[in-house]
Amino acid sequence: MKTIQFREAVCEAMSEEMRRDDTIYLMGEEVAEYNGAYKASKGMLDEFGPERVIDTPIAELGFSGIAVGSAMNGNRPIIEYMTFNFSLVGIDQIINNAAKMRQMTGGQINIPIVFRGPTASAGQLAATHSQAFESWFANCPGLKVVVPSNPADAKGLLKSAIRDDDPVIFMESEQMYGDKGEVPEGEYLIPLGVADIKRAGKDVTIVSFGKIIKEAYKAADSLSEEGIECEIIDLRTIRPMDHKTILDSVKKTNRLVILEESWPFGNISTEITYQVQEQAFDYLDAPIIKINTADTPAPYSPVLLAEWLPNSNDVIKAVKKVLYR
């Protein structure tokens, strides 16, 4: 094992795959000369040259469309958005072309693209730069959606995403790029669609993903001092979702809390809640609680932002509520 930053894990995954397959290239704003807006492509221009690490104008609709056409002709693009808030400019190409081309051509044309970049809030970036669109993309058949929470998962999942023959939405976080973690030496892949039990427990299941899962870890540490043992599941892949791991855990603990950094209406937590009540209702000893952001655009004020975001205290309260304590 070695200890590296999240951004380094992303860079290693892309570089290793580009060395393996010369049809893979990286394209986006500031990915080349500037080494990436978050330095996640540092050194890649020097190694692979300007034909495979390509700086673009500020025109997400344009370079997203170029990527779709390129993939139709045998290439495997990696598209970096400076933030997924900006992907909305190119969402027509993602939803109406990349996601649908395989079905509309009767399976004759695959679209092997990774659209990657940071999601959700990243401090005081205000309402238009602090949005989580996991549920938007996961709602669309034809797309796979991945949200890693640590460097090891990021590298293994990104390598699998790059090799996948379908379009993958790979969502990171500006606030995780500097996170350090142990990553295996050498080649390894993590399959898409497999959740991970990050902490075993018997009293309550907590399901989360992405950077907000850190609040679940804090809550679990605090609750363990009171004799409450939480089982924490990191979804890692939103679509396809690993329902079995969630259901097996709920059948053991009989209680479920879901922590997600997103607006409360029609989100990933809502889908998990439905699946559990439909497939494991008789195992539940308490209603499911989902913890989300406030149902407003993200505020700029640091005081309001702290109130808007879920935190470990919210998780502690929810766990104690489902335990009737």
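Residues numbered from 1 in each chain as written. Predicted model: local features only at pLDDT ≥ 70, side-chain atom pairs only at ≥ 80, totals over all residues. Heavy atoms only, no water.

Any two side chains of opposite charge can pair if their charged atoms end up close together. Tallied over the entire structure, the rule returns 28 salt bridges. We note a salt bridge from Lys155 to Glu12, for which the minimum N-O separation is 2.7 Å. Separated by 143 residues along the polypeptide, Lys155 in helix H7 (residues 151–163) and Glu12 in helix H1 (residues 6–20) bring together distant segments of the chain. Lys202 serves as the salt-bridge partner of Asp203, at 3.2 Å between the closest nitrogen and oxygen. A relative accessible area of 14% places Asp203 in the buried class. (Salt bridge = Lys/Arg side-chain N within 4 Å of Asp/Glu carboxyl O. Helix = DSSP H or I, 4+ residues; strand = E, 2+ residues; numbered from the N terminus. Buried < 20%, exposed > 50% of the residue type's maximum accessible area, 1.4 Å probe, protein only.)

What follows deals with the side chain of Thr205. Structurally, the position occupied by Thr205 is in strand E10 (residues 204–208). Looking at Thr205, its side chain comes within polar contact range of the side chain of Ser249, at 2.6 Å. A distance of 2.7 Å separates polar atoms of two side chains, one belonging to Thr205 and the other to Thr253. Apart from residues no more than four positions distant in its own chain, Thr205 is found in contact with Glu231, Ile233, Ser249, Val250, Thr253, Arg255, Leu256 and Val257. (Polar contact = N/O pair within 3.5 Å; in protein donor to acceptor, adjacent residues only side chain to side chain. Contact = heavy atoms within 4.5 Å.)

With respect to topology, five strands assemble into an open sheet ordered E9-E11-E10-E13-E14, the strand pairing being mixed. The open sheet has two edge strands with one neighbour each: strand E9 (196–199) and strand E14 (289–291). Pairwise comparison of adjacent strand axes, ignoring direction, gives a mean angle of 25 degrees for this sheet. Strand direction decides the pairing type here: E10 and strand E11 (residues 230–234), joined by five bridges, are parallel. (Pairing = 2+ DSSP bridges. Axes fitted to C-alpha atoms, helices over the stretch in contact; angles between N-to-C directions.)

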